[in-house]
Amino acid sequence: TFAYSKKLAALRNVSFTLKSGTTTAIVGRSGAGKSTIAMLLLRFYDPDQGRILWDGQDLRAIQRSSLRKHSTLILQDTTLFNRTIAENIKYGRPEASEQEMIKAAQLAHAHDFILKLPKGYNSIVGERGVRLSGGQRQRIAIARALLIKSSLIVMDEATSHLDSETEKAIKEATQYYQGKQTQVIIAHRLSTVQHADNIILLDKGRILAQGKHTELLKHPLYQKLCPLQLK
């Protein structure tokens, strides 16, 4: 249970398990509490009641610096630095080889548009990446996350700026790493999470149901969300 203020709880009696190497999606309407779960998982906040355990250890007993080494967060609003594309991709793992960097960019479907830039990987992106489109910035951020190869990756609305073709490419990238790292995908777009091992349906800070896509199709709210998003 967690509340930003005393008047209203953002999450109430939420409980679930993330199995190592699996992909868990968290879906629901705006304000359901999806992003709050992301913030708690990476310990930007601590729960007001209850605990979050990683391999049996309470997150409160783990140093934040240690937690950061084993986790990666991709937000809807991507942060890029006024440096080259190569430096931005390798920011979390500067010792990575050029081949590893290119592989990550290819998985994120960023490689082709990077090569079309005047200086390729040596192109300066500008302050906060202003010289790139929203989708391009997001693909750079996803390439950076894939290159780090952390134990846990949390995507909070990470595909919100992408067109349908690139969205499909990102879904393929996350599927490529499925089984190799634990993934949490928080999304409004159900098309990005149908492949998840477990989907958690959240509403008003509570878990209404969880299971695979085909199982959740029996739930009225999930049924309501699907026609709005899936062709």
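See the structure above.
Residues numbered from 1 in each chain as written. Predicted model: local features only at pLDDT ≥ 70, side-chain atom pairs only at ≥ 80, totals over all residues. Heavy atoms only, no water.

A. Representation of helix 6 (residues 134-148) within the structure. For helix 6, which comprises 15 residues, the first-to-last C-alpha distance of 22 Å matches the rise-based estimate of 21 Å (1.5 Å per residue) to within 8%. In terms of residue burial, helix 6 counts as a mostly covered element, since 12 of its 15 residues are buried. Positioned one or two residues after helix 6, Lys149 has a phi angle of 60°, which is positive. (Helix = DSSP H or I, 4+ residues; strand = E, 2+ residues; numbered from the N terminus. Expected span 1.5 Å × (residues − 1). Buried < 20%, exposed > 50% of the residue type's maximum accessible area, 1.4 Å probe, protein only.)

B. Representation of the packing of aromatic side chains. Scanning the model with the defined rule gives four aromatic pairs in all. On the basis of an interplanar angle of 85° and a centroid distance of 4.9 Å, the ring pair of Phe2 and Tyr4 is categorised as edge-to-face. Taking relative accessible area as the criterion, Tyr4 reaches 48% and is therefore assigned partly exposed. An aromatic cluster of at least three residues, connected via ring pairs, comprises Phe2, Tyr4 and Tyr45. Directly above the ring of Phe44 sits Arg68, whose terminal nitrogen or CZ lies 4.7 Å from the centroid. (Phe/Tyr/Trp six-rings, centres within 6.5 Å; stacked < 30°, edge-to-face > 60°. Lys NZ or Arg CZ within 6 Å of the ring centre and 35° of its normal.)

C. How the structure looks around the pairing of strand 7 (residues 152-156). Burial analysis of strand 7 places five of its five residues in the buried class, the great majority of the element. Burial of the side chains of strand 7 extends over both faces: Leu152, Val154 and Asp156 are buried on one face and Ile153 and Met155 on the other. Bridging between strand 6 (residues 71-74) and strand 7 involves four bridges; their strand directions are parallel. By the bridge assignment, Ser71 is partnered in strand 7 with Leu152. Alignment of strand 7 against strand 8 (residues 182-186), held across five bridges, turns out to be parallel. When the bridges of strand 8 are listed, Val154 appears paired with Val184. (Pairing = 2+ DSSP bridges.)

D. Local environment of the side chain of Arg43. Along the chain, Arg43 turns up in the loop between helix 1 (34-41) and strand 4 (53-54). A relative accessible area of 11% places Arg43 in the buried class.

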